[in-house]
Amino acid sequence: MDTGISRKIDDLGRIVVPAETRRLLNIHEGDALTFNVEGDTIHLRKLEAVCTFCGTGDDVRPFKGKAVCQPCEGDLVNRS
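Residues numbered from 1 in each chain as written. Predicted model: local features only at pLDDT ≥ 70, side-chain atom pairs only at ≥ 80, totals over all residues. Heavy atoms only, no water.

1. Notes on the overall build of the protein
Basically, it comes down to this: In this description a helix means any DSSP run of H or I spanning at least four residues, a strand means any run of E spanning at least two, and both kinds are numbered starting from the N terminus. Throughout, the radius of gyration refers to the C-alpha atoms, and the reference size of a globule is 2.2 Å times the residue count to the power 0.38. For every residue, the accessible area obtained with a 1.4 Å probe (protein chains only) is divided by the maximum for its type, and the residue is called buried under 20%, exposed over 50%, and partly exposed between those limits.
Counting its regular elements, the protein contains 2 helices and 4 strands. The order of α-helices and β-strands along the protein, N terminus first, is α-β-β-β-β-α. In terms of overall size, the protein is more extended than a compact globule, its C-alpha atoms giving a radius of gyration of 17 Å where 80 residues would be expected to give roughly 12 Å. The C-alpha extent of the protein, read off along each of the three principal axes, is 50 × 25 × 25 Å. Evaluated residue by residue, the protein yields a buried proportion of 14% over its 80 residues.

2. What to know about unusual backbone geometry
If you check the backbone angles, Asn-26 has positive phi at about 55° while not being a glycine. Mapped onto the elements, Asn-26 comes out in the loop between helix H1 (19–24) and strand E1 (33–38). Overall, Asn-26 belongs to the partly exposed group, its relative accessible area being 44%. Positive phi values are uncommon outside glycine, yet Lys-64 reaches one of about 50°.

Have a look at this one:
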């Protein structure tokens, strides 16, 4: 989707993602973004939290510094 919005890179190499784009993609302050390069195109994507152990993106929350889903957290707690 081409929005027609352009931004310049500042002297520190930063670029501002327009508010309209952030709202559209549900991107908030502190969210992680990933950059992928394909030819002369840069793809920017919001990095979603996934479970460290099973890879699911459902019901993921921090557990001792790692992203863990509820079933895996239960397995970890029960092993202790």
